[in-house]
Amino acid sequence: MRRVSSFAAPRLQEYTRTSFSLFSKDFISHLSSLPSTSTSTNPIKANEPISPQSSNTQLKSCSKTHSLLFSNVKTQQSQTFNTLAEQNPSQLSSRQRKIKEKSQLEEAFESAKTIQEMLQVFEEMEVSIDERELGLTCLRIGLKLDQEGEDPEKALSFANRALKVLDRDDKLSLPLAMTLQLLGSTCYSLKRFNDSLGYLNRANRVLDKLEKDGSCSVEDIRPILHAVQLELCNTKTAMGRREEALANLRKCLELKEMTLERDSKELGKANRDVAEAYVAILHFKEALPFSLKALDIHKAQLGQNSVEVAHDRRLLGVIYTGLEEHEKALEQNQLSQRVLKNWGLDTDLRCAEIDAANMQIALGRYDEAINTLKGIVQQTGKESEDRAMVFISMAKALCNQEKSTDAEKCLEIACGILGKKEKISPVEVAEAYMEISMLYETMDKFEAAISLLKRTLAMLEKLPQEQHSVGSVSARVGWLLLLTGGVQHAIPFLEDAAERLKESFGSKHYAVGYVYNNLGAAYLELDRPQSAAQVFAYAKDIMDVSLGPHHTDSIEACQNLSKAYAVMGRVSQYNNNNILGVVP
């Protein structure tokens, strides 16, 4: 029976989590194009605008129309106010005085530069303006608070007030979609992921309906749709649903491709984001074309020696490592290092050098890797995480040279450093512990490996966004317990791993197949052949889809299924499946 393969390539921590700036936080710069209040005589129009920061060039196409619309609104307000101002205050009726006061407050709100100034004016507006007319004002304050990111609870309260005003009479509008997107963003910040997902899915449905009805222009819908899709990607990633998140990220890329120039630098970054997301779920083959496209765009726009090109090449090195094309990986890494060195980016350069050492190890060039690492360790601080990673890679090279005693000493040093970083960088430390446990496993130090993995689980279970990692670690613990005779204890870890990995990577990912294969073996050892047959059948189906029916692991899953049927006394099924299992 084959052991569960590693769920992450060495030193992938730079790429195993999607980290995208929340698009919603870029909504503020052109929000002045929304009028600050809504009235029954001047309802919110569905095509009244939003456009993000000028750096997000995909949204510039809407800004002229938006500015013109707002200019018209402001002109009308100004004319009304000027007419009233020309009159003697004593001649104004009560209604006219209210209109004048309202116009003054709106002018003051538009002039506000900081959130404190906006909130101060808003307190006055609450006294003299009906709540039903404050929907857009609440939305704008909520978006400003969300942009600053310091008080998500307060942003959520303004978003909820905006929703009560804008979500009335089943009327759909862009401001309603924006409010739902803001609610999704603030719930995400508060780690209320299920609530976030609900709001964002509804925002997506509103935008889809507006587009189909033709009540809004595509140019006005796209910026908000992009924000919603990116928020969905982040939320699903945090929930461990990475396969689904990737579909939303691909939609973001499609939206940018519709708007940006083909060789836009922004489009290059978007392609790299997608490549990184594929790497995170170990789909290296699918990641490759996006990474290459990012590299081509950045080379054309910024030149061979740009930092963006260096990052693209480093990612390519990781992808080629995953594809086991180690010479290509090393070539891209070396090209990346030259640029990083020229720009004086020492931290990135050290990480790239550690990557290079791991590639040398993969190529069997152990002495060369050790010399590389000895050079790097001199540049690291005694308590730095980089130093810990150097000693882990050193231990890996020594393990391959069968120098277990020296390797263990390196791992002890690494664990000593990482133990002090658990609260500061729990995710990075957990990933390092996983790699260390694999090395202990290689040296047949199974108890040490299991102990470290359980320590890792305790750290990761506290982080809602790391449930995919919990699944991977549980799978490893289950496998090691199975290997060392703790079959009964292995089963709950394997069952938990299967469910978490299905959520994270999809039900047909090969990692899920490996877990089911091990779970079937555990059931078989406990004389539960019917349960074993069921999960072996799952494993076979997954392997056939993900690896192909003639892959070694697919054939092994088929043979395991045959064994389960044999134990159950189904001789005919045993014979049929055994024949299938040996077909080349």
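Residues numbered from 1 in each chain as written. Predicted model: local features only at pLDDT ≥ 70, side-chain atom pairs only at ≥ 80, totals over all residues. Heavy atoms only, no water.

Going by an unreviewed UniProt entry, the protein chain carries the name Kinesin light chain and comes from Datura stramonium.

(A) Summary view of the UniProt feature "repeat: TPR" (unreviewed entry) in the protein chain. As recorded in UniProt, the feature "repeat: TPR" (unreviewed entry) lies at residues 430-463. Along residues 430-463 the backbone is 82% helical and 0% strand, and the end-to-end C-alpha distance reaches 11 Å. (UniProt positions renumbered as here; feature names shortened; annotations may be inferred. Helix = DSSP H or I, 4+ residues; strand = E, 2+ residues; numbered from the N terminus.)

(B) Spotlight on helix α20 (residues 467-483). An ideal rise of 1.5 Å per residue puts 24 Å on 17 residues; α20 measures up with 24 Å between its terminal C-alpha atoms. Most of α20 is tucked away, with 16 of its 17 residues classed as buried. Gly485 sits one or two positions beyond α20 and adopts a positive phi of about 95 degrees. (Expected span 1.5 Å × (residues − 1). Buried < 20%, exposed > 50% of the residue type's maximum accessible area, 1.4 Å probe, protein only.)

(C) The arrangement of the nonpolar core in detail. Of all hydrophobic cores here, the largest spans 112 residues; its most connected members are Ile392, Leu418, Ile436 and Tyr516. Looking at this core element by element, the count peaks at 10 residues for helix α16 (residues 385-400). Apart from the residues lying within four places of it in its own chain, the contact partners of Ile436 are Ile392, Leu411, Ala414, Cys415, Leu418 and Leu452. Counting residues in each nonpolar core, the second largest holds 48 residues, with Leu145, Ala162, Leu197 and Leu207 among its members. (Core = buried A, V, L, I, M, F, W, Y, C linked by side-chain atoms within 4.5 Å. Contact = heavy atoms within 4.5 Å.)

(D) Region of interest: the packing of helix α21 (residues 487-505) against helix α22 (residues 510-525). Contact geometry for α21 and α22: axes closest at 9 Å, N-to-C directions at 155 degrees. What the angle tells us is that α21 and α22 run roughly antiparallel. In the crossing of α21 with α22, the sense of the turn from one axis to the other is left-handed. Here Val487, Ile491, Leu494, Glu495, Ala497, Ala498, Glu499, Leu501, Lys502 and Phe505 of α21 lie close against α22, whose contacting residues are Ala511, Val512, Val515, Tyr516, Asn518, Leu519, Ala522, Tyr523 and Glu525. (Axes fitted to C-alpha atoms, helices over the stretch in contact; angles between N-to-C directions. Parallel < 35°, antiparallel > 145°, perpendicular 65-115°, else oblique. Left-handed = near helix turned anticlockwise from the far one by under 90°.)

(E) Representation of unusual backbone geometry within the structure. The phi dihedral of Leu282 is positive, around 65 degrees, even though this residue is not glycine. Turning to its location among the elements, Leu282 is positioned in the loop between α10 (265-280) and α11 (284-302). Its identity as a non-glycine residue notwithstanding, Glu324 has a phi of 60 degrees, on the positive side. Within the secondary structure, Glu324 sits in the loop between α12 (307-322) and α13 (326-342).

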